[in-house]
Amino acid sequence: GALEGQVALITGGGSGLGRALVERFIAEGARVGVLERSAEKVAQLAADFPQQVVAVTGDVRSMADNDTAVGETVARFGRLDCFIGNAAVWDHGASLLDIPSERLPDAFDELFAINVKGYLLGAKAAAPALVKSEGSLIFTLSNSAFYPGGGGPLYTASKHAAVGLVRQLAYELAPKVRVNAVAPSGMASDLRGPQALGQQDTRIMDSRSPDAIRAILPLQFFPEPKDFTGPYVLLAARGDNRTLSGVMINADCGLGIRGIRHVAGGLNL
Ligand code: NAD
């Protein structure tokens, strides 16, 4: 595999894209640490991959939990080559006008704490080990890192903020550590929303359908989480990417080339 002997730490590795990344990285020869807030998902990982995964129950908003996850991963597997900031919550498209004033401040604080502060604290915890291994950082972005309308203002602004982290940390950590990102489009996962908006038990597919997602994408298919894992392997591997830092791969099924008259120009091909 492309990641033979490598060690990665993935936040939110318990379901959806993070879980697909755990499986793909193991298949490529890596061993994997996970920081995940759901104890059930952590237990499932431990049961499925007793040898290859060390999964820690904790919250990405906590510096101590990030430090513990890095510490346990290095203690178990001896090194850290790649940190993937991935845990996040969505806002189900809650708009400025629709979010009640009394909930807006707490909703911002909660969503930004997970989606932005979580990436920052994870990078802080992982950076010394990554400098040592001359490894890399990868953040999961979204189409909402570049375009409006894939979420509400809270989610869209949080993913734009993560773009700033990619650029600044790529600058600060060069030349030792490469910092890159992958920006997926919609997929079926366990993605939920902030408690402050009452969305903690609402999943993305409760408010979006496979057909609706397929229809807006120029490539006209409904991607599965595993369909997004290839770019992460490319960015994490030690070959073929010596020139890549500060790069954000749009894995968005062509959203950036959506047409005005038709979603895709070749629908009749
Ligand atoms: P998911 O909910 O299946 O996976 C995220 C995981 O993070 C969950 O297991 C959850 O328990 C965990 N998590 C949430 N908050 C946490 C916290 N505070 N501390 C620790 N763990 C926490 O959702 P997903 O869709 O796989 O999301 C993964 C990434 O993909 C996110 O960054 C998301 O923004 C991004 N993304 C998703 C979509 C989509 O359509 N699903 C589209 C674009 C981008």
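Note that residues are indexed from 1 along each chain, following the sequence as it is written. This being a predicted model, a pLDDT of at least 70 is required before a residue's local features are given, and a value of 80 or more before pairs of side-chain atoms are given or counted; all residues contribute to the totals for chains, interfaces and linings. Excluded from the side-chain calculations are hydrogens and water; all other atoms, namely the structure's heavy atoms, are used.

Topic: the environment of Ala145
Looking at where Ala145 falls in the secondary structure, it is placed in the loop between strand S5 (136–140) and helix H5 (153–173). Only heavy atoms enter the contact rule, under which two residues are in contact if any of them lie within 4.5 Å. Ignoring sequence-local partners within four residues, the contact set of Ala145 consists of Lys159, His160 and Val163. Secondary structure elements are defined from DSSP: runs of H or I of at least 4 residues count as helices, runs of E of at least 2 residues count as strands, and each element is numbered from the N terminus.

Things to note about the sheet that holds S5
A pair of strands is considered paired only if DSSP assigns at least 2 bridges between the two. Spatial ordering of the open sheet is given by S3-S2-S1-S4-S5-S6-S7, a layout of seven strands whose pairing is parallel. Strand pairing shows two members of the sheet lacking a second neighbour, strand S3 (53–57) and strand S7 (248–251), which therefore form its edges. Shown here is a sheet whose adjacent strand axes are inclined to one another by a mean of 15°, direction ignored. Inter-axis angles, ranging from 0 to 180 degrees, are taken between N-to-C directions of lines fitted to C-alpha atoms, where helices are fitted over the stretch in contact. Sitting on the sheet, helix H8 (residues 229–236) is in contact with strand S4 (82–85), S5, strand S6 (178–184) and S7, with an inclination near 175° to S6.

Some words on the side chain of Thr140
By the secondary structure assignment, Thr140 is in strand S5. Any pair of nitrogen or oxygen atoms within 3.5 Å is treated as a polar contact; in protein, a donor-acceptor pairing is required on top of that, and neighbouring residues in sequence qualify only through side-chain atoms on both sides. Among the polar contacts listed, one links the side chain of Thr140 to the side chain of Tyr232, at a separation of 2.7 Å. In this view, Thr140 contacts Leu17, Ile84, Gly85, Asn86, Tyr119, Lys159, Val182, Pro184 and Tyr232; residues no more than four positions away in its chain are not counted.

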